[in-house]
Amino acid sequence: QIAQELRQIQSIFLGIGAGVAAEDPMKSMRALNLVAETTRLEQKIDQWEKELSPLKNFVLPGGVLVASYAHLTRTAVRDSERSFHRLKIALELSEISCYLNRLSDYFFQLARILNKHADVQDLIWQTHRDNIS
């Protein structure tokens, strides 16, 4: 199921890139229905949230290899989101911004759920002060 979701996300992400590069981005983006896709991501995030223990600390990227890949992907999506905001058309295409924001959250939760299913605990960030004995 996750592999199918990832293929769908890849397709949408490619569609966003093509839409932004199009001569008429507004017209090109209508076919993607990013509002519905963002809602779908939010529903999946909420579903996983019910399986996971509540976060009380920051989590470091890591865990099983596939979870580490999800963390790396989250970072790349955040970078894409920041780059998108530098575009002149960013304000006209706010659905992209919302989608990218939720997509990075999706990959964060995906990493956490993959670690949970592999029976690997999240790596909790500790400040330098926490490490002093």
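Please refer to the structure higher up on the page.
Here the structure is a predicted model, which is why all the values come from computation and not from measurement. (Residues numbered from 1 in each chain as written. Predicted model: local features only at pLDDT ≥ 70, side-chain atom pairs only at ≥ 80, totals over all residues. Heavy atoms only, no water.)

Asks: How do you make sense of the packing of aromatic side chains when you look at a structure like this?
Replies: Between two aromatic rings, the relevant description is the distance of the centres plus the angle of the planes. One pass over the full model with this rule turns up three aromatic pairs. The interplanar angle of 90 degrees and the centroid separation of 5.3 Å between the aromatic rings of Tyr106 and Phe107 together place this pair among those described as edge-to-face. A relative accessible area of 0% means that Tyr106 is categorised as buried. A network of ring pairs unites the aromatic residues Trp48, Tyr106 and Phe107 as a single cluster. (Phe/Tyr/Trp six-rings, centres within 6.5 Å; stacked < 30°, edge-to-face > 60°. Buried < 20%, exposed > 50% of the residue type's maximum accessible area, 1.4 Å probe, protein only.)

Asks: Which parts of the structure should I look at to understand helix α3 (residues 34–51)?
Replies: The periodicity of an α-helix, 3.6 residues per turn, causes residues three or four positions apart to be oriented the same way. The first and last C-alpha atoms of α3 sit 26 Å apart over 18 residues, in line with the 26 Å expected at 1.5 Å per residue. Listed as buried for α3 are Leu34, Glu37, Thr38, Leu41, Lys44, Ile45 and Trp48. Buried positions in α3, seen along its axis, are confined to an arc of 120 degrees and lie on one side of it. Along α3, the residues that are exposed and aim more than 90 degrees away from the buried face are Val35, Gln43 and Lys50. For α3, the secondary structure elements touched by its buried residues are α1 (2–21), α2 (25–29) and α5 (94–117). (Helix = DSSP H or I, 4+ residues; strand = E, 2+ residues; numbered from the N terminus. Expected span 1.5 Å × (residues − 1). Arc of directions from axis to C-beta. Contact = heavy atoms within 4.5 Å.)

Asks: Is there a simple way to think about the side chain of Lys44 in this case?
Replies: Considering the arrangement of structural elements, one finds Lys44 in helix α3. Ignoring sequence-local partners within four residues, the contact set of Lys44 consists of Gln1, Glu5 and Tyr106.

Asks: What is the right way to read the environment of Ala90 from this model?
Replies: Within the secondary structure, Ala90 is located in the loop between α4 (65–85) and α5. The class for Ala90 is buried, based on a relative accessible area of 10%.

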